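# Close look at the chain arrangement
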Amino acid sequence: MPTVIVEAADRSRSGVATALHNNVKTFGGAIAGGLMAAVPATSSHATTTPDAVPGEGAYVVVWLLCAGCAAAAAGAALPARRTEEADGHATRDIEAP
């Protein structure tokens, strides 16, 4: 992914683009980790015992959410694909803004 971002960015701004990607990736991972931890945690509060553990259904929901996010990411990445020209140069199927 960083390669795609650097290729799409202006040469003078490639460092900024890479740093922004890393920051957004870290922030997104923190948010996703918190949300995915909240699903089993909230399902374990259904019982009143102090040693309650999440049920299997909570983990199934987490994996289904992960699969949905992966499918959404794959769908979002499709417009950014590149094609190789006969001369070996890569071109994008869509124009960058």
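How each quantity is defined
- Residues numbered from 1 in each chain as written.
- Predicted model: local features only at pLDDT ≥ 70, side-chain atom pairs only at ≥ 80, totals over all residues.
- Heavy atoms only, no water.
- Helix = DSSP H or I, 4+ residues; strand = E, 2+ residues; numbered from the N terminus.
- Buried < 20%, exposed > 50% of the residue type's maximum accessible area, 1.4 Å probe, protein only.
- Contact = heavy atoms within 4.5 Å.
- Areas by Shrake-Rupley, 256 points an atom, 1.4 Å probe, with all protein chains shown as cover.

### Remarks on the overall build of the protein
A tally of regular secondary structure across the protein gives three helices and two strands. When its helices and strands are written in sequence order, the protein yields α-α-α-β-β. Within the span of the protein, comprising 97 residues, buried residues form 6% of the whole. Within the protein, counting contacts between residues at least 6 apart in sequence, those at least 24 apart form 20% of the total. Here the protein has roughly 7,500 Å² of accessible surface; of this, 67% comes from carbon and sulfur atoms.

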